[in-house]
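As a plain string of letters, each chain reads:
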Amino acid sequence: MTLGVLNTPAPAFGVGADETCKETSFPQVEKLTSRVAEFVVHTQLGDVPPETIELGKKSMLDGLGLALSGSKAATAPLIQQYVASLGCGSGGAAVLGSATKLAPRFAALVNGIAIHVDDFDDTQLAVAKDRVYGLLVHPTVCVLPAALAAAEASGKSGKDFLVSYQLGVEVECKIAEAISPRHYEDGFHSTGTCGVFGSTSACARLKGLDAVHTARAFAIAASQAAGLRENFGTMMKPFQAGHAAESGVVAADLAAMGWTGAEQILEAERGFFHAYGGTYDPTVITDHLGNPWTFQNPGVSIKPFPSGSLTHPGMTELLRLIRENSIRAADVVQVEVGTNRNMPNTLIHHHPTSGLQAKFSMEFCMAILLVDGKADQTKFTDAVVNRPDVQEMMRRIRFYTDPEAEKAGYDKMRTILKVTLKDGRVIAGRSDFGKGSPANPMSFEEVADKFLGCTEFAEWPGDKAERVVDLVRKLEDLPDVRTLTALCSK
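Each value, and the rule that gives it
- Residues numbered from 1 in each chain as written.
- Predicted model: local features only at pLDDT ≥ 70, side-chain atom pairs only at ≥ 80, totals over all residues.
- Heavy atoms only, no water.
- Helix = DSSP H or I, 4+ residues; strand = E, 2+ residues; numbered from the N terminus.
- Polar contact = N/O pair within 3.5 Å; in protein donor to acceptor, adjacent residues only side chain to side chain.
- Contact = heavy atoms within 4.5 Å.
- Pairing = 2+ DSSP bridges.
- Axes fitted to C-alpha atoms, helices over the stretch in contact; angles between N-to-C directions.
- Parallel < 35°, antiparallel > 145°, perpendicular 65-115°, else oblique.
- Nonpolar A, V, L, I, M, F, W, Y, C, P; charged D, E, K, R; others polar.
- Buried < 20%, exposed > 50% of the residue type's maximum accessible area, 1.4 Å probe, protein only.
- Disulfide = S-S within 2.5 Å.
- Phe/Tyr/Trp six-rings, centres within 6.5 Å; stacked < 30°, edge-to-face > 60°.
- Lys NZ or Arg CZ within 6 Å of the ring centre and 35° of its normal.
- Left-handed = near helix turned anticlockwise from the far one by under 90°.

Undergrad: Which parts of the structure should I look at to understand the side chain of Ser 301?
TA: Residue position: Ser 301 is located in strand β6 (residues 300-301). A polar contact is formed between the side chain of Ser 301 and the backbone oxygen of Gly 436, at a distance of 3.4 Å. Non-local contacts of Ser 301, meaning those with residues more than four positions away in its chain, are made with Asp 122, Thr 123, Leu 125, Gly 436, Ser 437 and Pro 438.

Given below as structure tokens:
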């Protein structure tokens, strides 16, 4: 397929008397949506590099564990109560961690919320210098619940499930990478907005849609794309991720029934990229969709801590400093944490009073490591956040914009630490990336350990958990994905 790319000016409308109207350019690209649809329809598992497949399995296992641990969150009974109130009855897709089965769209919603509620799920990494590292999408939460629900309801094989997941992650990540950084900077939650295209890709593939109907499904999904960063630190952040998963199921179902939508929804001047970002880089899709696959380059980061990914380099480095220097909380006068200016723009809760706010608080993440020596799911609770010793330690954390970190670029999460102790010592450290990033990756065994920790938190039977690890390791050999969901259901 030949794609024509031509930049032509489009007027930008001023929003205030003191602002100057400028002409901006929006790429004119023919058949971009069709190009993505053809990729979803025609790519086979054999076209995906083996290394990419194995990297994807780690994220899939991670997501399953988070769905189980998330079933214990305060959001779980609320969203299940809401779904039950709709009177839709039972269905063919499991709510993981429970005995409930729902229609696939609602199972995708509930499981998506569970995966993202602890902010412990994987993160797409940025490539371009103008992008904030780690702030594109959380890829697995949008795709895995939708693909799993659709595959379970229709009795698909592990191979079918695996290829649909890979396609979904690749499409959503490239769309998130292509759209103007203004999209995220102005307040959109890209997991909610761009994630709908990942879930739609996976479900369209599992339903066997052709390219025309897949393109229409993208149009249906685009009209459901939603999510705002102002909701970070509340129950709405995981809801936005779950809604992205649900929207893909809905989009594919409606397209399969004959529902229509614009077949050029991505590239049109009244379409997704223009409306949500103002502009975009079409070459990310025309030249790089599946070339290379996002899982391989620049990679996807798996979280070691249940907090915003921007906290992780600092947390990884502070833990190292604590262990190597035997730092005790009582001896700390102050901890200075310097980053680029975009990190405080996301880590917005400087005086958190809830567990959800604490996930987006550099001050809390530093304080809890000093006070308790670890930061697992048991620490991000309202009770722990409001403990007097934790609140007092947070007051000793200075979180600021550092010129050196700013100069390093937003494609890094450079975090510069300086710990001042009562005996006069000053211990310094710095890190660009945290544990779990491609620069310091988790092995499959380390991800399995995280998965087993999540299942233990969920009080899930150990024998079932171990069997899930084995099944995911050999997912392409699984005849029916319902064997997997049964192990994650009561």
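Anyway, onward from the coordinates.
Undergrad: Just to check I follow, could you spell out the sheet that holds strand β10 (residues 426-431) for this structure?
TA: Remark on secondary structure: sheet strands pair via backbone hydrogen bonds, oriented parallel or antiparallel. With respect to topology, four strands assemble into an open sheet ordered β8-β7-β9-β10, the strand pairing being mixed. This sheet does not close on itself; its edge strands, each paired only once, are β8 (397-401) and β10. Ignoring strand direction, the axes of neighbouring strands in this sheet form an average angle of 15°. Here five bridges tie strand β7 (residues 332-339) to β8, and the two strands are oriented parallel to one another. Of the residues in β8, the one forming a bridge with Val 335 is Ile 397. Here helix α13 (residues 312-325) sits on the sheet in contact with β9 (415-421) and β10, set at roughly 140° to β10. Each of β7, β8 and β9 touches helix α16 (residues 362-372); the most contacted strand, β8, lies at about 140° to it.

Undergrad: Please clarify how the packing of helix α2 (residues 50-70) against helix α20 (residues 444-457) should be interpreted in this entry.
TA: When two helices pack together, their arrangement is given by the angle between their axes and by how far apart the axes lie. Here α2 crosses α20 at 10°, and the two axes come no closer than 8 Å. As summarised for this structure, α2 and α20 are arranged roughly parallel, according to the angle between their axes. Counted together, Lys 57, Lys 58, Leu 61, Asp 62, Leu 64, Gly 65, Leu 66, Leu 68 and Ser 69 of α2 and Phe 444, Val 447, Ala 448, Lys 450, Phe 451, Cys 454, Thr 455 and Phe 457 of α20 form the full contact between these two elements. Each residue belonging to the contact of α2 with α20 can be placed in one class, and the counts come to ten nonpolar, three polar and four charged.

Undergrad: Would you explain the environment of Ala 465 in this entry?
TA: Relative to the helices and strands, Ala 465 is located in helix α21 (residues 462-473). For Ala 465, a relative accessible area of 0% translates into the label buried. Between the alpha carbons of Ala 465 and Leu 452 there is a distance of 6.6 Å; along the sequence they are 13 residues apart. With near-sequence residues (within four places) excluded, Ala 465 lies in contact with Phe 451, Leu 452, Thr 455 and Trp 460.

Undergrad: Even after reading the chapter, I still don't get the pairing of β7, so can you show me in this structure?
TA: Put simply, side chains in a regular strand alternate between the two faces of the sheet. Of all eight residues making up β7, six are buried, and the element is well covered by its neighbours. One ladder, built from six bridges, connects β7 with β9; its direction is antiparallel. When the bridges of β9 are listed, Gly 338 appears paired with Ile 416.

Undergrad: How should I be thinking about the state of the cysteines in this particular structure?
TA: Each disulfide consists of one covalent bond between the sulfur atoms belonging to two cysteines. Applying the stated criterion to the full structure yields zero disulfides. No disulfide involves Cys 142; its sulfur sits 9.0 Å from the nearest other cysteine sulfur, which is in Cys 194. Of the residues examined, Cys 142 reaches a relative accessible area of 0% and is grouped as buried.

Undergrad: Would you explain the packing of aromatic side chains in this entry?
TA: One pass over the full model with this rule turns up eleven aromatic pairs. Between Phe 26 and Tyr 280, the ring centres sit 5.5 Å apart and the planes meet at 55°, which makes this aromatic pair tilted. A residue pair is termed long-range when its members are at least 10 positions apart, and Phe 26 in strand β2 (residues 23-29) and Tyr 280 in the loop between α11 (272-277) and α12 (283-286) qualify at 254 residues. Per residue, the accessibility class of Phe 26 equals that of Tyr 280, and both read buried. Between Phe 273 and Tyr 280 the ring centres are 4.1 Å apart and the planes differ by 5°, which places this aromatic pair in the stacked class. With a relative accessible area of 0%, Phe 273 lands in the buried category. The class for Tyr 280 is buried, based on a relative accessible area of 6%. When the ring centre of Tyr 400 is taken as reference, the NZ or CZ atom of Arg 398 above it lies at 4.2 Å.

Undergrad: Where do I start with the packing of helix α8 (residues 190-207) against helix α10 (residues 236-257) in this structure?
TA: Put simply, α8 and α10 touch, their axes get as near as 7 Å, and they point 40° apart. Regarding the angle of α8 to α10, the classification is oblique. The hand of the α8/α10 crossing is right-handed. Judged by residue contacts, Thr 191, Gly 192, Gly 195, Val 196, Ser 199, Thr 200, Cys 203, Ala 204 and Lys 207 of α8 engage Gln 240, Ala 241, Ala 244, Ala 245, Ser 247, Gly 248, Val 249, Ala 251, Ala 252, Asp 253 and Ala 256 from α10. In the contact of α8 with α10, the residues fall into ten nonpolar, eight polar and two charged.

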